[in-house]
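Here is what each chain is made of, one letter per residue.
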Amino acid sequence: MPPKKKARSNNRKSTKSKTVMATSDTAPATSRVVLRDRRAGLANILDLPLDIVLEVFGHLEPRDLCNLVRTNRAIRDFLLNRRQSKAIWRDARERLGGLPDLPHFLSEPAYAHLLFSNHCHSCGKGPVYKILFPWFKRYCNKCMTNRSVRLCTISLDEEDFFTEIEGDEEEVLNVVEPSGDSWSERALVHVPQLEAFLQEWRAADESLDAKSAVYEAQKAKVAGMEELARALEDWCEEQKRIRTEELEALRVERFNQICERLIAAGWGTKLQRIKQCPDRLAQLQGVASVRQATPLTDKGFGKVWRDIEGLFSEIDIQSDIDTVNEAQVGEIEDRAE
């Protein structure tokens, strides 16, 4: 009796793995694997001499340093080591013109993180674009709910001696002022700041002088933070304005380059007709590929032409309609004569 046939196996994965194992001892490593290993060596930059590392990092801006911190643990440990990298962060900050000095309650990395890293200061998630300047924090919506409380819901009058010194919550707590008419109902205070003040207040001696000293010290601290917050907010607004102007200048330059290429390609007459019509000019300038704030390349111009070709075709159709209308008007005038 002939032996049974073996069942055909469909396990291609196991067959493939056996083949790889059988040939792995003899097949040389491909150059592609080696190349990937070399490219993935960002952490190896720390193996260079320290003076070279400091020279490389010395040409970076605070935003670049914040991005590097999030690449791998080795670079993170190096850049967050105050003894080794304090000068790197300080020099990067000082190269930014007009930036307010480092607040005494923030470290160099924390100051850079506040301004240039769009991540929540509590959970690390992002992006978080809004800076809460009075608190010197960025919070996502969830963490904002957990770390803030409405000013109208708290009262420090129950604390000993707070009423005797005629204390005011707004003088000892930094308040985030929301937009709108109902400011008193929506104004928020920072829970960590409130808890720290209450801890210091309750730890002071049970005397009017001791409580007054704590109150005045906190009042001065809050006033100093508000002054720093206003200066920092003004600097950020100025940077936004400068950046907006730079982007608009790039868009104007790109549009001029597109016009030059269109004229060189023989579309100058139709381009002139588009410029004479405000609506069509706005339509042309509003095309996404035309409005990009990047230098124009040959490949980019090809994309632009594909996007605006229909607009120039409409000029041809409208031109034919205008020609027919002019001929009809001329014919009517001839008949009237």
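1. Quick word on the nonpolar core
Across soluble globular proteins, nonpolar side chains have a tendency to be buried as a group.
Working step 1: Membership of the largest hydrophobic core comes to 30 residues, with the highest contact counts inside it found for F57, L79, L115 and L232.
Working step 2: For this core, the elements supplying multiple residues, two or more each, are α3 (50-57), α4 (62-69), α5 (73-79), α6 (82-94), α7 (108-116) and α12 (208-264).
Working step 3: Residues contacting F57, with those up to four places away along its chain left out, are I45, L65, L68, F78, L79 and I88.
Working step 4: I154, V189, A210 and Y215 belong to the second-largest nonpolar core, a separate cluster that totals 18 residues.

2. A few points about the confidence of the model for the protein chain
Working step 1: Across the protein chain, pLDDT averages 82, with 79% of residues at or above 70.
Working step 2: Note that pLDDT drops below 50 for residues 30-40; the model gives that stretch zero contacts with residues more than four away or on any other chain.
Working step 3: Here residues 319-333 is a poorly scored stretch, pLDDT under 50, and it has two contacts once near neighbours within four places are set aside; other chains count.

3. Considerations on the sheet that holds strand β2 (residues 175-176)
Across a sheet, strands are paired by hydrogen bonds formed along the backbone, either parallel or antiparallel in direction.
Working step 1: The three strands are arranged β1-β3-β2 in an open sheet whose pairing can be described as antiparallel. Edge positions in the open sheet fall to β1 (148-150) and β2, since each of these has one partner strand only.
Working step 2: Where β1 lies against strand β3 (residues 188-190), three bridges are found, and the strand directions are antiparallel. From the neighbouring strand, S148 faces β3, where its bridge partner is H190.

4. A closer look at the side chain of S148
Working step 1: Along the chain, the position of S148 falls in strand β1.
Working step 2: Take S148: its relative accessible area is 14%, and that puts it in the buried class.
Working step 3: Here the side chain of S148 touches M144 through a polar contact of 2.5 Å, landing on its backbone oxygen.
Working step 4: Excluding anything up to four places from it in sequence, S148 contacts W135, L188, V189 and V191.

Conventions adopted
- Residues numbered from 1 in each chain as written.
- Predicted model: local features only at pLDDT ≥ 70, side-chain atom pairs only at ≥ 80, totals over all residues.
- Heavy atoms only, no water.
- Core = buried A, V, L, I, M, F, W, Y, C linked by side-chain atoms within 4.5 Å.
- Buried < 20%, exposed > 50% of the residue type's maximum accessible area, 1.4 Å probe, protein only.
- Helix = DSSP H or I, 4+ residues; strand = E, 2+ residues; numbered from the N terminus.
- Contact = heavy atoms within 4.5 Å.
- pLDDT = per-residue confidence, 0-100.
- Pairing = 2+ DSSP bridges.
- Polar contact = N/O pair within 3.5 Å; in protein donor to acceptor, adjacent residues only side chain to side chain.

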